[in-house]
Amino acid sequence: MTVVDLGISRGVRRGPDGLHAVVLTPTYTGCPATLAIEAQAEVPKDAKGEQIGVFGVAVDNAHGKVWTSNTQAETVTVYDAKDLKVAKLFPEGSVQHPRDVVIDETNNRAYVSAALSPFVEVYDTETLEHVGQLEFVADRGRAAFGTTDMTLDAEGGKLYSVSRDTPWIGWIDLATGISTTVEVPQAQGATDIARDPKSGRLYVVSQDSNNVVTLDAEGKLLADTYIGAGGVSVVWDAASGQVFAASRAGGTVAVLDADGKLVAKIPADQTPNHLT
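### A few points about unusual backbone geometry
- The phi dihedral of histidine 97 is positive, around 45°, even though this residue is not glycine.
- Considering the arrangement of structural elements, one finds histidine 97 in the loop between strand S6 (86-89) and strand S7 (98-104).
- Notably, leucine 116 is not glycine yet its phi reads approximately 65°, a positive angle.
- Within the fold, leucine 116 resides in the loop between strand S8 (109-114) and strand S9 (119-124).

### Here we look at the sheet that holds S9
- Reading across the sheet, the four strands line up as S7-S8-S9-S10 and stay open at both edges, with antiparallel pairing between neighbours. The sheet is open, and its two borders are formed by S7 and strand S10 (129-135), each paired with just one other strand. Strand-to-strand twist across the sheet, computed as the mean angle between neighbouring axes with direction ignored, equals 25°.
- Direction of pairing for S8 relative to S9: antiparallel, over a ladder of five bridges. What sits directly across from alanine 110, in S9, is tyrosine 123.

### As for the packing of aromatic side chains
- Overall, the coordinates contain five aromatic pairs when judged by the stated rule.
- Ring geometry for phenylalanine 136 and phenylalanine 145: centres 4.6 Å apart, planes at 10°, overall stacked. Here the two residues phenylalanine 136 and phenylalanine 145 agree in accessibility, since each one is buried.
- Aromatic pair tyrosine 160 and tryptophan 171: ring centres 5.8 Å apart, planes at 45°, arrangement tilted. Taken together, the residues span a long stretch of sequence, with tyrosine 160 in strand S12 (residues 158-163) and tryptophan 171 in strand S13 (residues 168-173) at a distance of 11 residues. In this structure, tyrosine 160 and tryptophan 171 share a single accessibility class: buried.
- Within the aromatic cluster, the residues linked to one another by ring pairs are Trp67, Phe90 and Tyr123.

Conventions used here
Residues numbered from 1 in each chain as written. Predicted model: local features only at pLDDT ≥ 70, side-chain atom pairs only at ≥ 80, totals over all residues. Heavy atoms only, no water. Helix = DSSP H or I, 4+ residues; strand = E, 2+ residues; numbered from the N terminus. Pairing = 2+ DSSP bridges. Axes fitted to C-alpha atoms, helices over the stretch in contact; angles between N-to-C directions. Phe/Tyr/Trp six-rings, centres within 6.5 Å; stacked < 30°, edge-to-face > 60°. Buried < 20%, exposed > 50% of the residue type's maximum accessible area, 1.4 Å probe, protein only.

This is the structure we're talking about:
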């Protein structure tokens with residue numbers, strides 16, 4: 001792929017030395033097409049000698065580390081942010097199906113969701129040690145809470161998540177470890193959750209019901225908005241006060257206002273999978 005393919009070439013200029021320069025206009029500020037690679041991680045190999053796959057990624061700016069979840073190897077890897085060399089590789093099988101990673105820089109904690117189970121593994125970001133486990137307590141058996149992605153309310157000391165195979169959303173008080181779970185029938189196959197820190201509203205995107213559910217701070221339903229097939233990722237944007245949700249199968253990014261009303265759909269060239 002060339003800069004012409006990327007659509008950022010705006011012309012060619014000939015300098016006084018006879019050399020030609022290609023004029024580039026980034027598609028947006030900080031466009032990765034014009035950024036040079038400063039460091040590249042050498043991902044560790046598993047017990048079989050195969051490269052460990054990476055799923056979740058989170059940056060700990062306070063300690064200069066990058067945390068990744070390695071789903072198939074059921075482990076977590078920590079890299080030094082400067083050179084991306086491995087700082088710590090936790091034992092294989094130490095985390096059940098790890099998915100999302102959330103960093104609490106204020107309290108020196110990293111949280112990793114053990115996907116499709118009610119558990120969240122807790123790590124100390126200073127010592128790089130596993131220090132505990134949290135649980136979203138809901139009905140047992142087929143109705144149990146099965147975590148996927150998470151979001152953190154650092155100021156309020158709460159960790160939020162959604163359940164993939166059962167219609168639960170919930171939050172854990174990080175000071176006490178006590179969880180609160182709310183059943184939301186409109187969220188079928190929930191995959192991600194976002195939060196507006198000012199209003200406390202929650203936005204849940206679901207892959208099976210193809211929607212974004214808007215809830216108040218206590219989990220009461222405010223809106224149920226269809227966004228297109230295969231909702232997989234949702235973020236709240238502080239600058240605009242809007243919500244962006246990716247529809248993977250639909251190939252679009254839906255834009256919602258704070259009340260959950262659909263205001264636009266942005267076409268995506270390929271199947272969008274993650275927003276940040």
